[in-house]
Amino acid sequence: MRVANEWTEYQVLDTANGEKLEQIGGYIFLRPDPQVIWNKDKDLSKNKIDAKYKRVKDKSGEWTLSNRMPKSFTISRKGIKFHIEPMNFKHICLFPEQAVNWDIMTDLIKSANREIKLLNLFAYTGGASVVCALANAKVTHVDASKSMIEIAKINANLNNISNIRYILDDCKKFVEKEIRRGNTYDAIILDPPSFGRGPNKEVWKIEDDIFDFVRLCSKLLSDNPLFVLINSYTTGLQPTVMANILNTTISGGKTECYEVGLATKQDGVILPCGCSAIKTFK
């Protein structure tokens, strides 16, 4: 387990009965978390809450916001700013546990002492794109959601970044086109959802598609690659599964795998938030 730290404006305050209580900036959020199967007799909703997400029958769910809660606001980590906004499916435009991977990638890019062409697939709101661009990588950001790309641009603007290339496309189709064009990348990030649909209703299911997709992406690696990172939020996929996929699709390098998590204010409680595997070439 690697725990995301050095957050000064984000903290998990408590976890109980399928929910997590978070302080984000100056506001208190309550969101569902399926990993939290402990403290079933504890009711976190009794706290003073600014933003609460509740699942609704026949719908994904809905937010209830306090009068003082703004539509959006900004928090930062290590001087890097991030846009926060309550969104569909309980999202807030940020996955704070990914700070684990941001730090690893930043160190790798900076230590390379050369320009790194980086491809960020399923790039969401661009936390990794911003962090890697600030480390001087040349980033191509690909996502199938126009609204998420717009928020990624907000994150870039917050940090005075103007050189990220944004691509609205199904990730598999984009990779296939890049292979035909003969383009290559020194680093690739894959952060796929468990399930999703592309702009033309292309279906993605991680258990069925991730192996073939990583094998396809391996054709985009340059002759002098730096790293390939896979992140997964799917409960059934263990870190070693991600490592096995990297090792059976990409030769050479060194592979590490780990859970990512967040410390909570509760003594000794670490909230698991998915798993990652990274293959590095040095």
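In this report, the structure presented in the accompanying data block is examined. (Residues numbered from 1 in each chain as written. Predicted model: local features only at pLDDT ≥ 70, side-chain atom pairs only at ≥ 80, totals over all residues. Heavy atoms only, no water.)

### Regarding the environment of Ala-99
Item 1. Assignment of secondary structure puts Ala-99 in helix H1 (residues 99-112).
Item 2. As a C-alpha pair, Ala-99 and Glu-6 span 93 residues in sequence and 8.6 Å in three-dimensional space.
Item 3. Aside from chain neighbours lying at most four places away, what touches Ala-99 is Ala-4, Trp-7 and Arg-77. (Helix = DSSP H or I, 4+ residues; strand = E, 2+ residues; numbered from the N terminus. Contact = heavy atoms within 4.5 Å.)

### Looking at the pairing of strand E10 (residues 137-143)
Item 1. Most of E10 is tucked away: six of the seven residues are buried.
Item 2. One ladder, built from six bridges, connects strand E9 (residues 116-121) with E10; its direction is parallel. Considered in E10, the bridge of Leu-119 is made with Thr-140.
Item 3. Between the parallel pair E9 and E10, the chain is carried across by helix H2 (residues 127-134), and the sense of this crossover is right-handed. (Buried < 20%, exposed > 50% of the residue type's maximum accessible area, 1.4 Å probe, protein only. Pairing = 2+ DSSP bridges. Right-handed = clockwise from strand over helix to strand, strands pointing away.)

### Remarks on the side chain of Asp-33
Item 1. Structurally, the position occupied by Asp-33 is in the loop between strand E4 (27-32) and strand E5 (51-54).
Item 2. Relative accessible area serves as the criterion here: at 8%, Asp-33 is assigned to the buried category.
Item 3. At a separation of 3.0 Å, a polar atom in the side chain of Asp-33 contacts the main-chain amide nitrogen of Gln-35. (Polar contact = N/O pair within 3.5 Å; in protein donor to acceptor, adjacent residues only side chain to side chain.)

### Here we look at unusual backbone geometry
Item 1. One non-glycine residue, Asn-17, lies in positive phi territory at about 50°.
Item 2. The partly exposed category is assigned to Asn-17, whose relative accessible area is 41%.
Item 3. Of note, Lys-78 is a non-glycine position whose phi angle comes to about 50°, a positive value.

### Here we look at a nonpolar patch on the surface
Item 1. The grouping of Met-1, Val-3 and Ile-270 at the surface amounts to a nonpolar patch, some 230 Å² of accessible area in total.
Item 2. On the basis of relative accessibility, which here comes to 31%, the residue Val-3 falls in the partly exposed class. (Patch = residues over 30% accessible without salt bridge, like charges linked within 9 Å, V, L, I, M, F, W, Y side chains within 5 Å. Areas by Shrake-Rupley, 256 points an atom, 1.4 Å probe, with all protein chains shown as cover. Salt bridge = Lys/Arg side-chain N within 4 Å of Asp/Glu carboxyl O.)

### Looking at H1
Note on helix geometry: an α-helix contains 3.6 residues per turn, so any two residues three or four positions apart are oriented the same way.
Item 1. Its 14 residues place the ends of H1 20 Å apart at the C-alpha level, agreeing with the 20 Å of an ideal helix rising 1.5 Å per residue.
Item 2. The buried count for H1 comes to ten of 14 residues, which makes it a mostly enclosed element.
Item 3. Within H1, burial applies to Ala-99, Val-100, Asn-101, Trp-102, Ile-104, Met-105, Thr-106, Leu-108, Ile-109 and Ala-112.
Item 4. Directly beyond the C-terminal end of H1, a positive phi value near 55° is found at Asn-113. (Expected span 1.5 Å × (residues − 1).)

### Quick look at helix H4 (residues 171-181)
Item 1. Three or more residues of H4 are buried, namely Cys-171, Phe-174, Val-175 and Glu-178. The buried residues of H4 occupy an angular sector of 100° when the element is viewed end-on, so they sit on one face.
Item 2. Buried residues in H4 make contact with E9, E10, strand E11 (165-168) and helix H5 (206-217).
Item 3. Trailing H4 by a residue or two, Gly-182 shows a phi angle of about 85°, which is positive. (Arc of directions from axis to C-beta.)

### A closer look at empty space enclosed by the protein
Item 1. For the coordinates displayed, the defined rule picks out one cavity of 30 Å³ or more.
Item 2. Volume-wise, the largest cavity comes out at about 180 Å³.
Item 3. Together, 19 residues line the largest cavity, and Gln-98, Trp-102, Gly-127, Ala-128 and Asp-191 are the ones closest to its centre.
Item 4. Of all the secondary structure elements, the ones that give two or more residues to the lining of the largest cavity are H1, H2 and strand E15 (227-232). (1 Å grid on protein atoms, 1.4 Å probe; cavity = no way out; pocket = protein on both sides within 12 Å on 5 of 7 lines; lining within 4 Å. Points joined across faces, edges and corners; volume = space filled by probe spheres on them.)

### Examining the pairing of E9
Item 1. Burial within E9 is extensive, with five of its six residues counted as buried.
Item 2. Pairing of E9 with strand E12 (residues 187-190) involves four bridges; the strand directions are parallel. Its bridge partner being in E12, Leu-119 is matched across the sheet by Ile-188.

### Focus: the nonpolar core
Item 1. Trp-7, Phe-29, Ile-75, Trp-102, Ile-109, Leu-118 and Phe-227 are the most contacted members of the largest nonpolar core, which has 51 residues in total.
Item 2. Sort the elements by how many residues they give to this core and H1 lands first, with eight residues.
Item 3. When residues no more than four places from it in sequence are discounted, the contact partners of Trp-7 are Ile-75, Ser-76, Arg-77, Phe-82, Leu-94, Pro-96, Ala-99 and Trp-102.
Item 4. Counting 31 residues, the second largest nonpolar core, distinct from the first, contains Leu-190, Trp-204, Leu-221 and Ile-230. (Core = buried A, V, L, I, M, F, W, Y, C linked by side-chain atoms within 4.5 Å.)

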